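What follows is each chain in one-letter form.
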Amino acid sequence: MAAATPARLTVLSGPSGVGKGTVVAEVRRRHPEVWVSVSATTRRPRPGEVDGVHYHFVSAAEFDRLIATEGLLEWAEYAGNRYGTPLAPVQAQLATGRPALLEIELQGARQVRARAPEAQLVFLAPPSWAELVSRLAGRGSEPAAVQERRLAIAQAELDSSGEFDVVVVNDDVARAADELVGLLTAPSPGPPAGGSAHE
Ligand SMILES: Nc1nc2c(ncn2[C@@H]2O[C@H](COP(=O)(O)OP(=O)(O)O)[C@@H](O)[C@H]2O)c(=O)[nH]1
Ligand SMILES: Nc1ncnc2c1ncn2[C@@H]1O[C@H](COP(=O)(O)OP(=O)(O)O)[C@@H](O)[C@H]1O
């Protein structure tokens, strides 16, 4: 692809309610310099969510336009809404030589793998199924029917963890955040001979 290998792109995935948002927020609290992509979504904002900070909240028509203009690195439909990663900001960040972090679901992680094989895929796993159920319910941000839908998807997502380069167990937020920071800044294992170029 590009002549010089850009800085590392890391994808964090994991089932709804496992604590992705919480762990990423902890990473940013400790390391404000860590760059995290802001996704576009057709989902409605939850109370307290700020447009342009948590997501770019867009209409279905605007999302269609982003797809049509190839403005998204990846996108997926999840539990009845669409979510996608704006491409240009990720390219701009990687061009600075600093890492970029995406927090996205499984179908999107697979698209990133296909499009950018050098990306590092990290799966955030719950300590147990019971703990996942209790975290999702405890967050209280979705009605029971939506929680059920997310848990059904979560089961399939847990089954996919073997596709990821690294599994981080979110037993403790601070510990998981530390592990993620280490992964973001760890040197890429490939390609051969120092990895300065793909040809
Ligand atoms: N493919 C893809 N998934 C995304 C993107 N942004 C967020 N997601 C995922 O969409 C799912 C639902 O997100 P959200 O509605 O915010 O719920 P929450 O993550 O459970 O708080 C989560 O698994 C997110 O990781 C994106 O840009 N692309
Ligand atoms: N390590 C942890 N231990 C206990 N509770 C956690 C932990 N990580 C996250 N939580 C809680 O679990 C719930 C879901 O976390 P959230 O970050 O919203 O998940 P996700 O972004 O993966 O959907 C929240 O109420 C959060 O406070």
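Residues numbered from 1 in each chain as written. Chains lettered and ligands numbered in written order. Predicted model: local features only at pLDDT ≥ 70, side-chain atom pairs only at ≥ 80, totals over all residues. Heavy atoms only, no water.

Going by the annotation in an unreviewed UniProt entry, the name recorded for the protein is Guanylate kinase, with Blastococcus carthaginiensis given as the source organism. Its UniProt record gives the protein the following Function (unreviewed entry) comment, quoted word for word: "Essential for recycling GMP and indirectly, cGMP." (UniProt positions renumbered as here; feature names shortened; annotations may be inferred.)

It is worth spelling out the side chain of Ser39 at this point. Here Ser39 shows up in the loop between strand E2 (35–36) and strand E3 (40–41). Ignoring any residue separated from it by four or fewer positions in sequence, one finds Ser39 in contact with Tyr55, His56, Gly84, Thr85 and Pro86. (Helix = DSSP H or I, 4+ residues; strand = E, 2+ residues; numbered from the N terminus. Contact = heavy atoms within 4.5 Å.)

Time to look at the pairing of strand E8 (residues 120–125). Here E8 lies mainly inside the structure; six of its six residues are buried. As judged from the four bridges shared by strand E1 (residues 9–13) and E8, these two strands associate in the parallel manner. By the bridge assignment for E8, Thr10 is matched with Gln120. Looking at chain direction, E8 and strand E9 (residues 166–169) are connected through four bridges and run parallel. Its bridge partner lying in E9, Val122 is registered against Val166. (Buried < 20%, exposed > 50% of the residue type's maximum accessible area, 1.4 Å probe, protein only. Pairing = 2+ DSSP bridges.)

The subject of this paragraph is the UniProt feature "domain: Guanylate kinase-like" (unreviewed entry) in the protein. As recorded in UniProt, the feature "domain: Guanylate kinase-like" (unreviewed entry) lies at residues 7–185. The distance from the first to the last C-alpha atom of residues 7–185 is 10 Å, and the span holds 44% helix and 21% strand.

Quick look at the UniProt feature "binding site: ATP" (unreviewed entry) in the protein now. Under the UniProt annotation, the feature "binding site: ATP" (unreviewed entry) is placed at Gly14, Pro15, Ser16, Gly17, Val18, Gly19, Lys20 and Gly21. A residue is classified by how much of its surface remains accessible, and Gly14, at 5% relative accessible area, is buried. The contacts of Gly14, once residues within four sequence positions are left out, are Lys20, Phe123, Leu124 and Glu157. With respect to the element layout, Lys20 can be found in helix H1 (residues 20–30). On the basis of relative accessibility, which here comes to 11%, the residue Lys20 falls in the buried class. Beyond its immediate sequence surroundings of up to four residues, Lys20 is in contact with Leu12, Ser13, Gly14, Pro15, Glu103 and Leu124.

For the rest of this paragraph, the subject is the site of ligand 1. As a matter of local geometry, ligand 1 sits amid 18 residues, with Ser39, Arg43, Tyr55, Tyr83 and Glu105 nearest to it. Between Arg150 and ligand 1, the recorded distance is 2.7 Å, taken from a side-chain N or O atom to an oxygen atom. In isolation ligand 1 has 570 Å² of accessible area, and contact with the protein removes 96% of it. Mapped onto the shell around ligand 1, the elements with two or more residues apiece are strand E5 (72–78) and strand E6 (81–86). A class-by-class count of the residues in the shell around ligand 1 yields five nonpolar, five polar and eight charged. (Near = heavy atom within 4 Å. Polar contact = N/O pair within 3.5 Å; in protein donor to acceptor, adjacent residues only side chain to side chain. Areas by Shrake-Rupley, 256 points an atom, 1.4 Å probe, with all protein chains shown as cover. Nonpolar A, V, L, I, M, F, W, Y, C, P; charged D, E, K, R; others polar.)

So, about the nonpolar core. Generally speaking, nonpolar side chains in soluble globular proteins are found buried as a group. Among the nonpolar cores identified, the biggest contains 22 residues, and Leu12, Leu101, Val122, Val168 and Leu180 are the most heavily contacted of them. For this core, the elements supplying multiple residues, two or more each, are H1, E8, helix H5 (129–139), helix H6 (144–159), E9 and helix H7 (173–185). At six residues, the largest contribution of residues to this core is made by H7. Residues contacting Leu101, with those up to four places away along its chain left out, are Thr10, Leu12, Val24, Trp35, Val36, Ser37, Leu180 and Leu184. Residues Ala7, Leu73, Ala100 and Leu121 belong to the second largest nonpolar core, which totals 19 residues. (Core = buried A, V, L, I, M, F, W, Y, C linked by side-chain atoms within 4.5 Å.)

Near ligand 2 lie 14 residues; those nearest to it are Gly17, Lys20, Gly21, Thr22 and Arg139. The separation between an oxygen atom of ligand 2 and a polar main-chain atom of Gly17 is 2.7 Å. Arg139 is positioned with one of its side-chain polar atoms (N or O) 2.8 Å from an oxygen atom of ligand 2. Those elements that place two or more of their residues in the shell around ligand 2 are H1 and H5. If one sorts the elements of the shell around ligand 2 by residue count, H1 sits on top with three residues. In the shell around ligand 2, the residues fall into three nonpolar, six polar and five charged.

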